[in-house]
Amino acid sequence: MDEPAVSVRGLVKRYGDVEAVRGIDLEVARGETFGFLGPNGAGKSTTINILCTLVEPTAGEAAVAGLDVVRDRAAVRRRIGLVFQEPTLDGPMSGEQNLRFHGELYGVDRRTAAARREEVLRTVGLFERRKDPVSTYSGGMRRRLEIARGLLHSPQVLFLDEPTIGLDPQTRASIWNYLARLHETQPITVFVTTHYMDEAENCDRIAIMNEGRIVALDTPEALKAQVGADRVVVATGDDDAAIAAVRREFGLEAGMHEGAVTISVPDGAGFVPRLFAALTAAGVDVRSVSVTRPSLDDVFLAHTGTTLRDAERSAGPSLHPMAMRMRGR
Ligand SMILES: Nc1ncnc2c1ncn2[C@@H]1O[C@H](COP(=O)(O)OP(=O)(O)OP(=O)(O)O)[C@@H](O)[C@H]1O
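Residues numbered from 1 in each chain as written. Predicted model: local features only at pLDDT ≥ 70, side-chain atom pairs only at ≥ 80, totals over all residues. Heavy atoms only, no water.

- Within an unreviewed UniProt entry, the label attached to the protein reads ATP-binding cassette domain-containing protein, and the organism entered is Actinomycetospora aurantiaca.
- Under Subcellular location (unreviewed entry), UniProt gives the following word-for-word description of the protein: "Cell membrane".
- Of the comments in the UniProt record for the protein, the one headed Sequence similarities (unreviewed entry) reads "Belongs to the ABC transporter superfamily. Drug exporter-1 (DrugE1) (TC 3.A.1.105) family." (UniProt positions renumbered as here; feature names shortened; annotations may be inferred.)

### So, the sheet that holds strand 1 (residues 6-15)
- The four strands lie next to each other as 2-1-4-5, forming an open sheet whose pairing is antiparallel. If you trace the sheet from one side to the other, it starts and ends with strand 2 (18-28) and strand 5 (67-68), each paired once.
- Relative to strand 4 (residues 59-64), strand 1 is paired through five bridges, and the arrangement is antiparallel. Across the sheet, Val8 pairs through a bridge with Ala62, a residue of strand 4. (Pairing = 2+ DSSP bridges. Helix = DSSP H or I, 4+ residues; strand = E, 2+ residues; numbered from the N terminus.)

### Details of the side chain of Asp298
- By the element assignment, Asp298 lies in helix 11 (residues 296-304).
- Within polar-contact distance, the side chain of Asp298 engages the side chain of Arg231 at 2.4 Å.
- Non-local contacts of Asp298, meaning those with residues more than four positions away in its chain, are made with Val227, Arg231 and Arg293. (Polar contact = N/O pair within 3.5 Å; in protein donor to acceptor, adjacent residues only side chain to side chain. Contact = heavy atoms within 4.5 Å.)

### Some words on unusual backbone geometry
- Although it is not a glycine, Thr53 sits at a positive phi angle of roughly 70°.
- You can see Thr53 is positioned in the loop between helix 1 (44-51) and strand 4.
- Judged by relative accessible area, which is 4%, Thr53 ranks as buried.
- With a phi close to 50°, Ser154 is a non-glycine residue in the positive phi region. (Buried < 20%, exposed > 50% of the residue type's maximum accessible area, 1.4 Å probe, protein only.)

### Remarks on the packing of helix 5 (residues 139-151) against helix 6 (residues 169-185)
- Remark: helix 5 packs on helix 6, axes separated minimally by 10 Å, with the N-to-C direction vectors making an angle of 20°. Classed by the angle they form, the pair helix 5 and helix 6 counts as roughly parallel. Once helix 5 is placed against helix 6, the crossing between them reads as right-handed. Judged by residue contacts, Gly140, Arg143, Arg144, Ile147 and Leu151 of helix 5 engage Thr171, Ile175, Tyr178, Leu179 and Leu182 from helix 6. (Axes fitted to C-alpha atoms, helices over the stretch in contact; angles between N-to-C directions. Parallel < 35°, antiparallel > 145°, perpendicular 65-115°, else oblique. Left-handed = near helix turned anticlockwise from the far one by under 90°.)

### Notes on helix 6
- A rise of 1.5 Å per residue sets the reference length of helix 6, with its 17 residues, at 24 Å; its end C-alpha atoms lie 26 Å apart and thus fit the reference within 8%.
- Regarding helix 6, its N-cap is Asp168, as a side-chain oxygen of that residue lies 3.2 Å from the backbone nitrogen of Gln170 further along. (Expected span 1.5 Å × (residues − 1).)

### Focus: helix 11
- Of all the positions in helix 11, only Leu296, Asp298, Val299 and Phe300 are classed as buried.
- Regarding helix 11, its N-cap is Ser295, as a side-chain oxygen of that residue lies 3.2 Å from the backbone nitrogen of Asp297 further along.

### Brief notes about the sheet that holds strand 3 (residues 33-37)
- The six strands are arranged 6-7-8-3-9-10 in an open sheet whose pairing can be described as mixed. Edge strands, defined here as strands with exactly one partner in the open sheet, are strand 6 (80-83) and strand 10 (213-218). Looking at each pair of strands side by side, their axes are set apart by 15° on average, direction ignored.
- As paired elements, strand 6 and strand 7 (residues 157-161) share four bridges and run parallel to each other. Looking across to strand 7, one finds that Ile80 is bridged to Val157.
- Helix 6 rests against strand 3, strand 7 and strand 8 (189-194) of the sheet, and its axis sits at about 160° to strand 8.
- Docked against the sheet, helix 8 (residues 220-227) engages strand 9 (205-210) and strand 10, running at close to 105° with respect to strand 10.

Here you go:
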């Protein structure tokens, strides 16, 4: 079998009393797009910082492209590309100059550098704008240029720490389009952190992290299937009567969420006609019914007992150490 692109065993990181990463294990296959999902403060950035050799682990082991991130630090760095939360581009320089500068830093072969620059600029749709100063780029274009820069030296693994943070939904979607297309041109492994559930859906597999631990790891589809319940939401003329009827007729506990009666059942579509009949028989006026398949939010809820949004609120704002460290270098 091919050596994994990323391999982590018993990884721990403590900052004083704070245990940011509490013993995690994972393996990412070559060519995989692997998502790291979790609320602020879950330990995603700390893990990615360790894999990028920017932070040393307190305990455990991690290897990237088959090389140990502590013992073979320089060799790991040559094989990875980084895209940070905070912009690190030089505004007055053009997109192309930014790439040229980066290529020199990374010792990209001068004979092939121009062709490589063109290739990565085309990959992220910026070739036409390559001569313009970065200061004239939109937020989404800057992030795309950072992705191009991360790819310039042909890394085996591209690490992206919240690459779409602060971008509008349309721009976020376009960044993911470019990421998805990377695999068409190169056999690269993508390791990306996000706290957007919808983005995690684009990954081959995801790890959900909470309070320093991986609480679930699988394909998005498998994780959702494990939840095993659809969500049926009913708007009624008498919610209390509806909840009582659901308990009486089906032995199910309905809850009130966002102003509507909500019921979790394995086969939502099959349940709706029976629900409709039971509520009508109980004299409850049914205004609308919707059925949704389990989302990654439901997966998070099932594993942690809280929604991602609530977990985020209780975690509060946290540091973005990778960006801080890189800026300080
Ligand atoms: N350099 C540091 N010094 C002290 N504590 C730190 C440091 N870096 C991270 N932490 C703490 O470790 C915990 C995990 O933080 P981390 O940034 O890894 O989480 P995260 O999931 O990436 O969150 P975010 O999405 O906000 O970056 C938090 O409690 C954070 O405050």
